[in-house]
Amino acid sequence: MPKIKTKSGAKKRFVLTGSGKIKRKHAFKSHILTKKTKKRKLALTHAALVSTNDTASVKRQLGLK
């Protein structure tokens, strides 16, 4: 059987933490920032974790499972 390729879009967007969780960035912080509040933009700056429902899908895209 051939090796499973990693999805190139996924390897740019997700990082595996030491405890095995998957870290991601928030969307909607690239442009049209004038209408967004300072509080909202600050919240979008911080990293988040992928939800447990999506973890299996992301790991498959990264070639981990």
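Residues numbered from 1 in each chain as written. Predicted model: local features only at pLDDT ≥ 70, side-chain atom pairs only at ≥ 80, totals over all residues. Heavy atoms only, no water.

The name recorded for the protein chain in an unreviewed UniProt entry is Large ribosomal subunit protein bL35, from Capnocytophaga bilenii.

## A closer look at the overall build of the protein chain
Of the regular secondary structure elements, the protein chain holds three helices and three strands. Order of helices (α) and strands (β) in the protein chain, N terminus to C terminus: α-β-β-α-β-α. Whereas a compact globule of 65 residues would reach a radius of gyration of roughly 11 Å, the protein chain reaches 15 Å, over 25% beyond that. Looking at the protein chain as a whole, 17% of its 65 residues qualify as buried. Across the protein chain, the fraction of contacts at a sequence separation of at least 24, relative to all contacts at a separation of at least 6, is 50%. Here the protein chain displays about 5,800 Å² of accessible surface, and carbon together with sulfur accounts for 57% of that area. (Helix = DSSP H or I, 4+ residues; strand = E, 2+ residues; numbered from the N terminus. Rg over C-alpha atoms; globule rule 2.2 N^0.38 Å. Buried < 20%, exposed > 50% of the residue type's maximum accessible area, 1.4 Å probe, protein only. Contact = heavy atoms within 4.5 Å. Areas by Shrake-Rupley, 256 points an atom, 1.4 Å probe, with all protein chains shown as cover.)

## Observations concerning the nonpolar core
Counting six residues, the largest nonpolar core is built from Ala-10, Phe-14, Ile-22, Val-50, Val-58 and Leu-62. If sequence neighbours within four positions are ignored, Ile-22 has contacts with Phe-14, Val-15, Leu-16, Ala-48, Leu-49, Val-50, Thr-55, Val-58 and Lys-59. (Core = buried A, V, L, I, M, F, W, Y, C linked by side-chain atoms within 4.5 Å.)

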